[in-house]
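Residues per chain, in single letters:
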Amino acid sequence: MTGRVEIIAEVKKYLELHREEMLHFLKRLVALETPSTSVDKQHRLLHFLKERLESMGYLTLHVPGKVTGGYLYARPRLRNKALPVQLVVGHCDTVWPINTLKEMPLSDKNGKLKGPGVYDMKAGLTQLIFSVAAIEAMALPLLVTPLVLINSDEEIGSRESTHAIRRLAKIADRAFVLEPPLGLEGSLKTARKGLGRFIITVKGKAAHAGLDPSKGINAIVELSHQVQKLYEMNDIKRGITVNVGTIEGGISPNVVAPESRAVIDVRVLTEADGKYISKKIRELKPQFKEVVLDIQGGMGRPPMERTTRNQKLWELAKREGKGLGIELDQATAGGGSDANTTSLFTATLDGLGTPGDGAHASHEYILSNKLTERTALLTLLLAMEPLNSAP
């Protein structure tokens with residue numbers, strides 16, 4: 001089995017034969033509820049994945065977190081150290097609290113598998129396990145050694161796992177991220193917006209609202225002017241969004257508010273725009289005299305830009321898709337993922353999960369018939385030649 005056409009046919013055949021097993025495995029992952037901050041639940045799922053990977057010849061290491069379940073690292077036990085490596089990143093945490101299954105039970109009908117976390121991103125984890133199984137069963141030659149990292153804190157910013165992702169991305173020929181694709185057509189993510197968080201605190205002066213209102217400085221009124229300035233910074237065509245997400249302030253209806261506070265979400269497409277909008281926010285000036293503005297925060301996850309190396313990896317994925325009969329499109333995501341981090345250091349392709357809809361929503365589902373298709377795509381990507389030697 002040496003020809004590319006024959007390999008593709010065998011991969012598809014293997015995965016179709018294991019379709020029901022894949023669906024059963026995915027349902028089991030969904031049944032193991034794993035909110036980001038539930039350490040014991042995360043440990044249970046990571047141990048389950050650890051045992052499965054070890055049964056397929058992988059060496060594994062579970063690194064516990066301080067406030068989360070930590071992350072699972074895995075690589076083939078037997079490997080050629082002279083070969084380059086590729087990083088595969090997934091997360092096992094979800095936004096759903098324990099017992100969500102009571103209100104959002106697993107449902108498998110009309111071509112949709114529904115359940116909390118099925119789309120974001122336990123389908124992607126299932127694809128990983130069965131891609132590894134297919135490669136092992138078919139003895140596919142691996143020219144680039146897979147390094148797997150599954151974290152449990154992606155939904156809350158990957159604060160405990162980013163250092164490991166960075167370290168591995170720096171030595172990787174490429175990185176594949178198993179987040180769900182965009183839209184029912186399943187567009188792969190070749191760019192993502194960067195994320196920033198700012199907190200503006202306004203300090204005014206308290207006074208009795210009835211007896212001495214003129215002696216006060218209303219921090220809420222000042223903040224209302226700052227909100228208008230912030231919204232003027234939006235530039236949709238340029239991909240810059242500035243959103244005032246929460247506001248609080250004041251101490252009583254009969255007191256001129258001495259303090260107010262707003263939390264601002266910022267999204268940008270480029271690192272340059274992140275610096276530009278950060279500067280504009282930090283340069284905000286008070287509307288009224290004697291008001292003090294305290295501006296904290298900054299850009300967090302950098303954008304995943306459509307770089308030359310990312311586009312080269314995308315073109316190779318598009319080629320593999322055509323071999324499978326899939327017409328792939330690329331797209332830009334408004335939210336961030338661990339791909340924002342890996343893209344700083346190596347060619348990155350995101351959105352390799354299974355098409356569906358409802359990430360973080362009560363109707364979350366995948367299209368069941370796309371699970372084997374996207375697993376086949378991931379398998380072929382893992383079996384590609386090194387990026388630096390690709391045409």
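For clarity, every value in this text was computed on a predicted model and none was experimentally measured.

Chemist: Describe helix α7 (residues 271–282), with residues and values.
Modeler: Here α7 is twelve residues long and its end C-alpha atoms lie 17 Å apart, about the 16 Å a rise of 1.5 Å per residue gives. The complete set of buried residues in α7 reads D273, G274, I277, S278 and I281. What you see down the axis of α7 is that its buried residues fit within an arc of 135°, all on one side. Away from its buried face by more than 90 degrees, α7 exposes A272 and K275. Structurally, α7 contributes buried residues whose contacts are with β9 (194–203), α6 (219–231), β10 (241–249), β11 (259–268) and β12 (292–299).

Chemist: Could you give me a rundown of the packing of aromatic side chains, with the residues and numbers involved?
Modeler: By the definition in use, this model includes two aromatic pairs. Residues F25 and F48 carry aromatic rings whose centres are separated by 5.4 Å and whose planes lie at 25° to one another, so their mutual orientation is stacked. Of the two residues, F25 sits in helix α2 (residues 19–31) while F48 sits in helix α3 (residues 39–55), which places them 23 residues apart along the sequence. Looking at F25, the relative accessible area reads 4%, which means it is buried. With a centroid separation of 5.7 Å and 80° between ring planes, the pair formed by F25 and F130 is classed as edge-to-face. Taken together, the residues F25 in helix α2 and F130 in helix α4 (residues 118–138) connect sequence positions 105 residues apart. Residue F130 is classed as buried on the basis of its relative accessible area, which comes to 2%. Put simply, the rings of F25, F48 and F130 pair up and form one aromatic cluster. Taking NZ or CZ as reference, K112 lies 4.4 Å from the ring centre of Y365, over its face. The ring of Y276 has R238 sitting right over it, with the charged end atom 4.4 Å from the ring centre.

What counts as what
- Every chain begins its residue count from 1, and numbering advances along the sequence as written.
- With the structure being a predicted model, the display of local features is reserved for residues of pLDDT at least 70 and the display and counting of side-chain atom pairs for 80 or more, all residues being used for whole-chain, interface and lining totals.
- Excluding hydrogens and water, the side-chain values take into account all heavy atoms of the structure.
- Going along the chain from the N terminus, every DSSP run of H or I of four or more residues is numbered as a helix, and every run of E of two or more is numbered as a strand.
- To estimate how far a helix should reach, multiply one less than its number of residues by 1.5 Å.
- Each residue is assigned to one of three classes by its accessible area relative to the maximum for its type, calculated with a 1.4 Å probe on protein chains only: buried under 20%, partly exposed between the two thresholds, exposed over 50%.
- Read the arc as the range of directions from the helix axis to the C-beta atoms.
- Two residues qualify as a contact provided that any one of their heavy atoms is within 4.5 Å of a heavy atom in the partner residue.
- Put simply, two rings from Phe, Tyr or Trp (the six-membered ring, in Trp's case) pair if the centres are within 6.5 Å, and we call them stacked under 30 degrees between planes, edge-to-face over 60, tilted for the rest.
- We call a charge positioned above a ring when the Lys NZ or Arg CZ atom is no farther than 6 Å from the ring centre and deviates by at most 35 degrees from the ring normal.

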